[in-house]
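# A closer look at the structure
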Amino acid sequence: MSGPYQNRENTSKANVVWHQSSITKADRAKQKAQVPKCIWLTGLSGSGKSTLANALEVALTAQGKHTYLLDGDNVRHGLNKNLGMSDEDRTENIRRVSEVAKLMVDAGLVVVTAFISPFRADRDAARALFEDGEFVEVFVDAPLEKCEERDPKGLYKKARAGQIKEFTGIDSPYEAPDRAEVVINTADNDIEACVKQLIAAIGV
Ligand SMILES: Nc1ncnc2c1ncn2[C@@H]1O[C@H](COP(=O)(O)OS(=O)(=O)O)[C@@H](OP(=O)(O)O)[C@H]1O
Ligand SMILES: Nc1ncnc2c1ncn2[C@@H]1O[C@H](COP(=O)(O)OP(=O)(O)O)[C@@H](O)[C@H]1O
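As the structure is a computational prediction, the values presented were derived from the model and not from experiment. (Residues numbered from 1 in each chain as written. Chains lettered and ligands numbered in written order. Predicted model: local features only at pLDDT ≥ 70, side-chain atom pairs only at ≥ 80, totals over all residues. Heavy atoms only, no water.)

### Structural notes on the site of ligand 1
Around ligand 1 sit 22 residues, and of these S45, R76, R90, N93 and K153 come closest. A distance of 2.9 Å separates an oxygen atom of ligand 1 from a polar backbone atom of I116. A distance of 3.3 Å separates a nitrogen atom of ligand 1 from a polar backbone atom of K165. At the level of secondary structure, the elements contributing two or more residues to the shell around ligand 1 comprise α3 (49–62), α4 (72–75) and α5 (87–106). If you tally residues by element for the shell around ligand 1, the top one is α5, at three residues. Taken together, the residues of the shell around ligand 1 break down into eight nonpolar, seven polar and seven charged. (Near = heavy atom within 4 Å. Polar contact = N/O pair within 3.5 Å; in protein donor to acceptor, adjacent residues only side chain to side chain. Helix = DSSP H or I, 4+ residues; strand = E, 2+ residues; numbered from the N terminus. Nonpolar A, V, L, I, M, F, W, Y, C, P; charged D, E, K, R; others polar.)

Given below as structure tokens:
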């Protein structure tokens, strides 16, 4: 890790010891009768992450699963309200969120995350926090032109007008996944078909 967050980690770590709790992840998962997982949605703004994440959580809840949805817009109102959209702040955003998702998986939940998470290295770092098979990367795939045409929040219009800087796909990069477990093409398929594909693919 680099940047303003690095020193704080290094100064605290040496004197902090790990406490092993008596109740384990397996105990919590057993009580909930489910396999905990992190379903990690990544894609451009307007690609359909929030829509699909919400529909997925509704479907899983209807199946009796215990879930939680972490959505970029919401987390940036609270836990990460001190972070902006620079490369460094996005990396810290994803680092914190992936640690929160890990805690939630440890609690036995099926966690769905909906963040642009534009950098491959940050997504790989998130994946590395989890056990094999626990982290499912889902590429919510729609070309920039389609996302811009949708522009559900009017943000692309503002970015093109220069009113928002460092906007993903315009003047900030998006690195498409090269190892996603699931690719959902939201440009050529309707929401219903995409949700169906997602539920079938994640194996929860
Ligand atoms: N500059 C810029 N670039 C991209 N997106 C922007 C920007 N400014 C604000 N927004 C709004 O913030 C949401 C993205 O937050 P994330 O936490 O998902 O971003 S990141 O993962 O840290 O890159 C994103 O949400 P989604 O549209 O749901 O993706 C936007 O609504
Ligand atoms: N197949 C699809 N999957 C998801 N969203 C779709 C799809 N087709 C059209 N849309 C629309 O695209 C927009 C996606 O917005 P949103 O879910 O907020 O994206 P994101 O969270 O990635 O910014 C919504 O208005 C949604 O109704």
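### So, unusual backbone geometry
Of note, the phi angle at A33 is positive, near 55°, even though the residue is not glycine. Structurally, A33 can be placed in the loop between α2 (25–32) and β1 (37–42). Positioned with a positive phi, E166 is a non-glycine residue whose angle comes to about 55°. Along the chain, E166 turns up in the loop between α8 (155–160) and β5 (182–185).

### Some words on the environment of L52
Structurally, L52 is set in helix α3. For L52, a relative accessible area of 3% corresponds to the buried category. The sequence separation of L52 and K196 amounts to 144 residues, and the corresponding C-alpha distance is 9.9 Å. Excluding residues within four positions of it along the chain, L52 makes contact with L41, V140, I184, T186, I191, C194, V195 and L198. (Buried < 20%, exposed > 50% of the residue type's maximum accessible area, 1.4 Å probe, protein only. Contact = heavy atoms within 4.5 Å.)

### Points about the pattern of salt bridges
A complete count under the given rule lists 13 salt bridges for this structure. E92 is the salt-bridge partner of R96, the closest N and O atoms lying 2.8 Å from each other. Within this pair, R96 and its partner E92 are both found in helix α5, separated by four residues, close to a single helical turn. On the accessibility criterion, R96 (15% relative accessible area) is buried. For E148, the salt bridge identified is with R160, shortest N-O distance 2.7 Å. Separated by twelve residues along the polypeptide, E148 in helix α7 (residues 144–150) and R160 in helix α8 bring together distant segments of the chain. Under the relative-accessibility criterion, E148 is labelled partly exposed at 22%. Each of R123, R127, E137 and E181 takes part in a single network of salt bridges with overlapping partners. (Salt bridge = Lys/Arg side-chain N within 4 Å of Asp/Glu carboxyl O.)

### Notes on the environment of V105
Here V105 is to be found in helix α5. Here the alpha-carbon distance between V105 and C38, two residues 67 residues apart in the chain, equals 6.7 Å. When neighbours within four sequence positions are excluded, V105 is seen to be in contact with K25, P36, K37, C38, V111, F130 and E134.

### Concerning the nonpolar core
One finds I39, L41, L52, V112 and V138 to be the most contacted residues of the largest nonpolar core, which totals 19 residues. Residue contacts for L41: discarding those within four places in its chain leaves K49, L52, A53, V112, T113, A114, F115, S117, V138 and V140. Core analysis: the second largest hydrophobic core is formed by 15 residues, W40, L70, M104 and A126 among them. (Core = buried A, V, L, I, M, F, W, Y, C linked by side-chain atoms within 4.5 Å.)

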